[in-house]
Amino acid sequence: MTDQLVQNIQYRRDVMRVLLIITFIGGCIFSVVNFQRGLWQLALIELVYGLFSLWLWRRILTTEHFQRWVTIYVVPFFIIMIYGLSVPQSSESIFVWILTIPVISYLLMGRKQGFWFSLTFIICGILAYHWRFISTEHNFSLNVAISVNVILSSFLMMTFAHVYEKNREQNEDRLLSLAGTDPLTGLANRMKLNESFHQLSALAARHQDPLTVVLFDLDLFKSINDVHGHAVGDDALRHVANFLQKNTRKSDLLARFGGEEFALLMVATDIDKGHQQVNALRKLLMKTPFTTQKCEIQITLSAGIASFGQDGHDLDNLLDKADKRLYFAKENGRNQVISQDPITANGTGNLKV
Ligand SMILES: Nc1nc2c(ncn2[C@@H]2O[C@H](COP(=O)(O)OP(=O)(O)OP(=O)(O)O)[C@@H](O)[C@H]2O)c(=O)[nH]1
């Protein structure tokens, strides 16, 4: 489950809890009132539904099937409203409840499902109202006025709820995208890298596809800042970010890992193929200098590569492994790619540069 979905469900859980407690109190009050008015069938339904709401109020906190419970709550709730409106002895004021249908639907179900639920039950509510209250005893223009009031007020509520939910979803997407973006380069940041790794590694494991993790570090970047200034250093970082983005696949995840380090998740790519591709990138970067108004700056990179499964299963382990190989690339003279452990004192391991 993505973080966004978890957040959405938490927000909807809170709304649902408030609604459930209101439904319980309302159910009890209306049950007593309707019982006294002789509408014992409606009173019984309201009492049972009120008690069910109280039970669900506790259940909804922990359930993993939130959306299913919302549907189980909402469908009878709306049917009871419409049934209440259609009962001959009920008052016209029940129609006020029909106006809550879009608000409840959109808040609990989001834009798409909320739209279809609102439309269906609002149309049923309007039909029930007309069946009960449009009468041949009224003159024609009064009937038209009542009808227009009911139809317009219902669809106005639905439009407000729709516009509100659309804006809320767009703002939420915008905030989430900002939270996952590095402001300097526009690439994904570390948080987004973590999130994407969870999704991509789960897919790789399910389809038994390879997944390769690359850590890039620009060589002697400090000297660019020292010689040309921090602003030029920033431009150089943007240049490399654009270069990497242009020369990697859209399906891969490229992130600024921090400072002058970048990370790349290469989907459906084994470590040997990853090594070849990153090495080709390294060579291409050497031929793609960063040009300022005054001069051309040659930028090179070193990279360490690790393989999902072979070198670990979680991102921290894989980055750790890639970082050790990157460190070795730096120690070994920079401007190179390393995807295997260096030869150790006891002779195990090998090295691919
Ligand atoms: N302009 C700019 N510089 C940054 C930014 N983040 C980190 N740096 C600089 O990147 C430089 C990294 O320096 P070092 O860690 O010494 O590494 P290096 O000079 O690249 O040397 P090696 O990694 O050993 O090849 C530091 O001078 C940081 O100030 C940034 O956002 N903008």
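Thresholds, definitions, all that
Residues numbered from 1 in each chain as written. Predicted model: local features only at pLDDT ≥ 70, side-chain atom pairs only at ≥ 80, totals over all residues. Heavy atoms only, no water. UniProt positions renumbered as here; feature names shortened; annotations may be inferred. Helix = DSSP H or I, 4+ residues; strand = E, 2+ residues; numbered from the N terminus. Rg over C-alpha atoms; globule rule 2.2 N^0.38 Å. Buried < 20%, exposed > 50% of the residue type's maximum accessible area, 1.4 Å probe, protein only. Contact = heavy atoms within 4.5 Å. Salt bridge = Lys/Arg side-chain N within 4 Å of Asp/Glu carboxyl O. Near = heavy atom within 4 Å. Polar contact = N/O pair within 3.5 Å; in protein donor to acceptor, adjacent residues only side chain to side chain. Areas by Shrake-Rupley, 256 points an atom, 1.4 Å probe, with all protein chains shown as cover. Nonpolar A, V, L, I, M, F, W, Y, C, P; charged D, E, K, R; others polar. Pairing = 2+ DSSP bridges. Axes fitted to C-alpha atoms, helices over the stretch in contact; angles between N-to-C directions. Core = buried A, V, L, I, M, F, W, Y, C linked by side-chain atoms within 4.5 Å. Expected span 1.5 Å × (residues − 1). Arc of directions from axis to C-beta.

As recorded by an unreviewed UniProt entry, the protein carries the name diguanylate cyclase and is attributed to Paraglaciecola polaris LMG 21857. The UniProt entry for the protein carries the following comment under Cofactor (unreviewed entry): "Mg(2+)". The Catalytic activity (unreviewed entry) field of the UniProt record for the protein holds the comment "2 GTP = 3',3'-c-di-GMP + 2 diphosphate".

The helix and strand inventory of the protein stands at eleven helices and seven strands. Taken over C-alpha atoms, the radius of gyration comes to 31 Å for the protein, far larger than the 20 Å a tight globule of 353 residues would show. The buried share of the protein, taken over its 353 residues, is 44%. Long-range contacts, defined here as pairs at least 24 residues apart, represent 66% of the contacts in the protein between residues at least 6 apart.

For the structure on display, the rule yields 14 salt bridges. Taking the shortest distance from any N to any O, the salt bridge between Arg 168 and Glu 172 comes out at 3.4 Å. On the criterion of helical spacing, the pair formed by Arg 168 and Glu 172 is a turn pair, its members being four residues apart in helix 6 (residues 140–179). For Glu 172, a relative accessible area of 14% puts it in the buried group. Put simply, Asp 311 and Arg 325 hold a salt bridge, and the shortest N to O gap is 3.1 Å.

All right, on to the site of the ligand then. Taken together, the neighbourhood of the ligand is formed by 16 residues, with Leu 220, Phe 221, Asp 234, Arg 256 and Arg 334 sitting nearest. Note that an oxygen atom of the ligand is positioned 3.1 Å from one of the side-chain N or O atoms of Asp 217. A distance of 2.7 Å separates a nitrogen atom of the ligand from a polar atom in the side chain of Asp 234. A total of 660 Å² of accessible area belongs to the ligand in isolation, and the protein chains cover 68% of it. Elements with a minimum of two residues in the shell around the ligand: strand 1 (211–218), helix 8 (221–228) and helix 9 (230–246). Partitioned by chemical class, the residues of the shell around the ligand number four nonpolar, four polar and eight charged.

Within this numbering scheme, the UniProt entry marks residues 209–342 as carrying the feature "domain: GGDEF" (unreviewed entry). Helix makes up 43% of residues 209–342 and strand 25%. Its end C-alpha atoms lie 26 Å apart.

What follows concerns the sheet that holds strand 2 (residues 253–258). Pairing within the open sheet is mixed, and its five strands lie in the order 2-3-1-6-7. One side of each edge strand has no neighbouring strand; the edge strands of this open sheet are strand 2 and strand 7 (337–338). Here seven bridges tie strand 1 to strand 3 (residues 261–267), and the two strands are oriented antiparallel to one another. The residue of strand 3 that forms the bridge with Asp 217 is Glu 261. Set on the sheet, helix 10 (residues 271–286) makes contact with strand 1, strand 3, strand 6 (301–307) and strand 7; between it and strand 6 the angle comes to about 170 degrees. Against the sheet, helix 11 (residues 315–331) makes contact with strand 1, strand 2, strand 3, strand 6 and strand 7, and its axis sits at roughly 140 degrees relative to strand 6, the strand it touches most.

Attention now moves to the nonpolar core. The biggest cluster of nonpolar side chains holds 37 residues, and the ones touching the most others in it are Met 16, Tyr 73, Val 74, Phe 78 and Leu 108. Elements supplying a minimum of two residues to this core: helix 1 (3–36), helix 2 (40–59), helix 3 (66–86), helix 4 (95–98), helix 5 (100–133) and helix 6. Counting 29 residues, the second largest nonpolar core, distinct from the first, contains Phe 216, Leu 254, Phe 290 and Ile 297.

With that out of the way, let us pick up helix 2. Look at helix 2: 28 Å from first C-alpha to last across 20 residues, which is about the 28 Å you get at 1.5 Å a residue. If you check which residues of helix 2 are buried, you get Leu 42, Ala 43, Glu 46, Tyr 49, Gly 50, Ser 53 and Leu 56. Here the buried residues of helix 2 occupy an arc of 150 degrees about the axis, which is enough to place them on one side. In helix 2, the exposed positions that point more than 90 degrees away from the buried face belong to Trp 40, Val 48 and Arg 58.

The next thing to look at is the UniProt feature "transmembrane region" (unreviewed entry) in the protein. Cross-referencing UniProt, the feature "transmembrane region" (unreviewed entry) maps to residues 15–33, 39–57, 69–87, 93–109, 116–134 and 140–164 in the present numbering. Annotation note: span residues 93–109, helix share 82%, strand share 0%, distance between end C-alpha atoms 26 Å. Helix makes up 95% of residues 116–134 and strand 0%, whereas the separation of the span's terminal C-alpha atoms amounts to 26 Å.

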